[in-house]
Amino acid sequence: MATTANNPSMTLTIAGSEATGGAGAQADLKTFQELGTFGIAALTCIVAFNPRDSWNHRFTPVDQQVIADQIEAIFATYSTDQLNTVKLGMMGSPATIATVSAALASRSPRHVVLDPVLICKGQEPGHALDTDNALKEELLPRATFVTPNHFETEQLSGRRVSSVDQLQAAAEEIHRISGAAVLAKGGVRLQGPDAVDVFVGEEGTEILSAPKVGEHAVSGAGCSLAAAVAAELAKGTAPLEAARRAKEFVSAGIAQRVAGNTPFDALWQGGLR
Ligand code: PXL
């Protein structure tokens, strides 16, 4: 029986599964839960690292009809008044980008947070280039907030980035092209003692900086950052403040990362507890 007893903020991730729980939809759902939103997931692909081949990604796409069916079920269950925030993670192919773009076009959720995951190890380079172009043409225009990492910032802006000033210029360019708020991540890729991200949006520009925790990227940091932004937006937080809180969430999660047999550690979503 339907009940009106509880009405939490809701967040949907449309993303890939990463079986070990470090990245992808698993990281998104854990982040949503930690930040107090009702988490929902539609899977676009399944990634299984290969321990017999340097932990490279084995990538299996989900059938296009199955992706569309999941999104149909979700928006039949909850209206876009109730579920107004969608996070987009790994798509993996131009076909999936087209399916997701079409599904969003007919629903127009208020907040669309795009984590523009580009190349995935194990994919053909030509395939990845098609994916990059499709992402830029079909999903970037639908985004209200975008969280590119260093490489994705270069791809989306068409600029080289090797300093914070260049990161800011590239973020401004992506904001100009898309109209979306941009949180461009320098991470461990820019030299210096701090992990620097740049926010550019309607509220202006802000450099977000936190001391680096080691010099190695941590699995799930990008996914969790975008998911945290989505959770904050769903709760009514303004974009710049959502960016600040997401950075705090991820910094705490990196400081308390989880080690396994992989050459990289995984972010712990419980870092702020
Ligand atoms: O962190 C990027 C990422 C996103 N989504 C999935 C992944 C990865 C990296 O492993 O597997 C499903």
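What this report covers is the structure whose coordinates are included nearby. (Residues numbered from 1 in each chain as written. Predicted model: local features only at pLDDT ≥ 70, side-chain atom pairs only at ≥ 80, totals over all residues. Heavy atoms only, no water.)

### Considering the overall build of the chain
Helix and strand counts for the chain come out as eight helices and nine strands. For 273 residues, the compact-globule estimate of 2.2 N^0.38 gives 19 Å, and the C-alpha radius of gyration of the chain, at 17 Å, lies within 12% of that figure. By principal-axis analysis of the C-alpha atoms, the chain measures approximately 55 × 45 × 40 Å. A gap of 3 Å separates the mean positions of the 21 positive and 29 negative side-chain charges of the chain. (Helix = DSSP H or I, 4+ residues; strand = E, 2+ residues; numbered from the N terminus. Rg over C-alpha atoms; globule rule 2.2 N^0.38 Å. Lys, Arg positive; Asp, Glu negative; His and termini not counted. Charge placed at Lys NZ, Arg CZ, Asp CG, Glu CD.)

### What about unusual backbone geometry?
Unusually for a residue other than glycine, Ser-54 sits at a positive phi of about 50 degrees. Along the chain, the position of Ser-54 falls in the loop between β2 (38-50) and β3 (56-61). Overall, Ser-54 belongs to the exposed group, its relative accessible area being 59%. Even without being glycine, Ser-108 reaches a positive phi, approximately 45 degrees. Residue position: Ser-108 is located in the loop between α3 (94-105) and β5 (111-114). Judged by relative accessible area, which is 53%, Ser-108 ranks as exposed. (Buried < 20%, exposed > 50% of the residue type's maximum accessible area, 1.4 Å probe, protein only.)

### Description of the packing of aromatic side chains
One pass over the structure, following the stated rule, counts three aromatic pairs. Measuring from centroid to centroid gives 5.9 Å for Phe-38 and Tyr-78, while their planes differ by 70 degrees, and the two rings are edge-to-face. A residue pair is termed long-range when its members are at least 10 positions apart, and Phe-38 in strand β2 and Tyr-78 in the loop between α2 (64-77) and β4 (85-88) qualify at 40 residues. For Phe-38, a relative accessible area of 37% corresponds to the partly exposed category. Centroid distance Phe-49 to Phe-264: 5.5 Å. Interplanar angle 80 degrees. Geometry classified as edge-to-face. Here Phe-49 is found in strand β2, whereas its partner Phe-264 is found in the segment after α8 (239-255), with 215 residues between them in sequence. (Phe/Tyr/Trp six-rings, centres within 6.5 Å; stacked < 30°, edge-to-face > 60°.)

### Focus on the pairing of strand β9 (residues 204-211)
Consecutive side chains along a regular strand alternate between the two faces of the sheet. Across eight bridges, strand β8 (residues 194-201) lies against β9 in antiparallel orientation. Residue Val-198 lies in a different strand from β9, and its bridge partner there is Ile-207. Once β8 ends, the chain turns through two residues before running back antiparallel as β9. (Pairing = 2+ DSSP bridges.)

### Comments concerning the packing of helix α1 (residues 24-34) against helix α7 (residues 221-234)
The N-to-C vectors of α1 and α7 enclose an angle of 40 degrees; their axes lie 8 Å apart at closest approach. With respect to α7, the axis of α1 lies oblique. Crossing handedness for the pair α1 and α7: right-handed. Where α1 abuts α7, its residues Gly-24, Ala-27, Asp-28, Thr-31 and Phe-32 lie against Cys-223, Ser-224, Ala-227, Ala-228, Ala-230 and Ala-231. Partitioning the contact of α1 with α7 into residue classes produces seven nonpolar, three polar and one charged. (Axes fitted to C-alpha atoms, helices over the stretch in contact; angles between N-to-C directions. Parallel < 35°, antiparallel > 145°, perpendicular 65-115°, else oblique. Left-handed = near helix turned anticlockwise from the far one by under 90°. Contact = heavy atoms within 4.5 Å. Nonpolar A, V, L, I, M, F, W, Y, C, P; charged D, E, K, R; others polar.)

### Description of the site of the ligand
Around the ligand, the neighbouring residues are Gly-16, Ser-17, Glu-18, Ala-23, Gly-24, Val-47, Phe-49, His-57, Met-90 and Cys-223. The contact in question runs from an oxygen atom of the ligand to an N or O atom on the side chain of His-57, over 3.5 Å. In isolation the ligand offers 320 Å² of accessible surface; the protein chains occlude 83% of this area. At the level of elements, β1 (10-18) and β2 are the ones that each hand at least two residues to the shell around the ligand. Among the elements that take part in the shell around the ligand, β1 stands out by supplying three residues, more than any other. (Near = heavy atom within 4 Å. Polar contact = N/O pair within 3.5 Å; in protein donor to acceptor, adjacent residues only side chain to side chain. Areas by Shrake-Rupley, 256 points an atom, 1.4 Å probe, with all protein chains shown as cover.)

### So, the pattern of salt bridges
If the charged atoms of two oppositely charged side chains come close together, the side chains can form a pair. With the rule as written, the count across this model stands at twelve salt bridges. One salt bridge connects Glu-232 with Lys-235, and the closest N-O pair in it is separated by 3.3 Å. Overall, Lys-235 belongs to the partly exposed group, its relative accessible area being 37%. Between Glu-241 and Arg-245 there is a salt bridge, with its nearest N and O atoms 3.0 Å apart. Residue Glu-241 and its partner Arg-245 are both found in helix α8; the two are separated by four residues, about one turn of the helix. Overall, Glu-241 belongs to the partly exposed group, its relative accessible area being 27%. For Arg-245, a relative accessible area of 37% gives the class partly exposed. (Salt bridge = Lys/Arg side-chain N within 4 Å of Asp/Glu carboxyl O.)

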